[in-house]
Amino acid sequence: MKRTLTFLSILVVISFYLTNCNSGVKNAEKESANEHEELIVEEKTDCSDVHWSHHHGEEGPENWKNLCDDFLPCGGQAQSPINIVTQDIVEGNQLRKIEVGYKTSDVEIINNGHTVQFNITGENRLMLNNKEYDLLQFHYHAKSEHEIDGEQYPIEVHFVHKNTDSDYAVLGIMYKEGAENKLFAEYLSKFPENGGKYEGEGELNLSSLLPSNLDYYYYSGSLTTPPCSEIVTWYVFKEPLEASEEQIEQFSEILHDNYRPVMPLNGREVFSYSH
């Protein structure tokens, strides 16, 4: 009997020891995992060096929201671009004519790896529905980001304006194949193709870069590149501009399909303004 009790006591001690060891290992693994998770979160907080792409894959549009904490809005409910379905358009009775206060700007063209962009100097403004916005820059996408009734155009330009840090307005203008474009004829050959900057002499007449007809589609959306902040009112012009077949081909070779696919409306309405 004493021998049996001694044997049972030894089993109890061993069992207690193994249980505590396993518990300690699990706790250590859990602490290590938590530390690793915290490290990942900390690394994702600064998005300045996070690489993203317009092309399908781990860094592509479908995964932007997972690349960095500040990119989480890319998975939001009011994202841009969209497909504008003209039969579903609502007449924007409260919308107003765009008042153009553009003047001139120096010529500074950059290729930032995602687009070719003209930076703007001087005071160039628009009055949009009783609010004044400053023009910051305009840049290009090939193919277009917005679609009209499912049609994607070969080029789209975005004129980016700011009222406050939480209030941006972007003009979206499509290009179709047609006559040679004067701006492209002068500067397309000077576009930096693999990053870098070009600074030219002379000035840009900015108002000449808009269509003659300023009728537009209007909706609330977002930036179309990370961080995809939902702080943009969009004015997508109904009248496209023109560029020659050769100019469009040259653009496509430089920009490499730098467009985000269309996003769902999620209940948003698209309004129409016609003067």
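Our subject in this report is the structure included herewith.

About the thresholds
- Residues numbered from 1 in each chain as written.
- Predicted model: local features only at pLDDT ≥ 70, side-chain atom pairs only at ≥ 80, totals over all residues.
- Heavy atoms only, no water.
- Helix = DSSP H or I, 4+ residues; strand = E, 2+ residues; numbered from the N terminus.
- Buried < 20%, exposed > 50% of the residue type's maximum accessible area, 1.4 Å probe, protein only.
- Contact = heavy atoms within 4.5 Å.
- Areas by Shrake-Rupley, 256 points an atom, 1.4 Å probe, with all protein chains shown as cover.
- Phe/Tyr/Trp six-rings, centres within 6.5 Å; stacked < 30°, edge-to-face > 60°.
- Pairing = 2+ DSSP bridges.
- Disulfide = S-S within 2.5 Å.

**Re the overall build of the chain**
Here's step 1: A count of helical and extended segments in the chain gives four helices and 16 strands.
Here's step 2: Considering the chain as a whole, with its 275 residues, one finds that 40% of them fall into the buried category.
Here's step 3: In the chain, the share of contacts with a sequence separation of at least 24, taken over all contacts with a separation of at least 6, comes to 67%.
Here's step 4: Of the roughly 15500 Å² of accessible surface on the chain, a fraction of 49% belongs to carbon and sulfur atoms.

**Details of the packing of aromatic side chains**
Here's step 1: Scanning all chains against the criterion turns up 20 aromatic pairs.
Here's step 2: Judged by centre distance (5.2 Å) and plane angle (25°), the rings of Y175 and F184 are stacked. Exposure class is identical for Y175 and F184. Each is buried.
Here's step 3: In textbook terms, an aromatic cluster arises when at least three aromatic residues are bridged by ring pairs, as seen for Y102, F118, F138, Y140, F159, Y175, F184, Y187, F191 and F251.

**Some thoughts on the sheet that holds strand β8 (residues 147-148)**
Here's step 1: The mixed open sheet is built from three strands, whose spatial order is β1-β8-β9. The sheet is open, and its two edges are formed by β1 (83-84) and β9 (151-152), each paired on a single side.
Here's step 2: As paired elements, β8 and β9 share two bridges and run antiparallel to each other. Across the sheet, E147 pairs through a bridge with Q152, a residue of β9.

**A few points about the state of the cysteines**
Here's step 1: Under the counting rule described, the total for this entry stands at two disulfides.
Here's step 2: The disulfide partner of C47 is C68, and the S-S distance across this bridge is 1.7 Å. The sign of the -80° torsion about the S-S bond sets the C47-C68 disulfide as left-handed. Of this pair, C47 sits in the loop between α1 (2-45) and α2 (64-67) while C68 sits in the loop between α2 and β1, and the two are 21 residues apart along the sequence.
Here's step 3: Given the relative accessible area of 13%, C47 is considered buried.
Here's step 4: Taken in sequence order, the bonded cysteines of the chain link in the pattern 1-2, 3-4.

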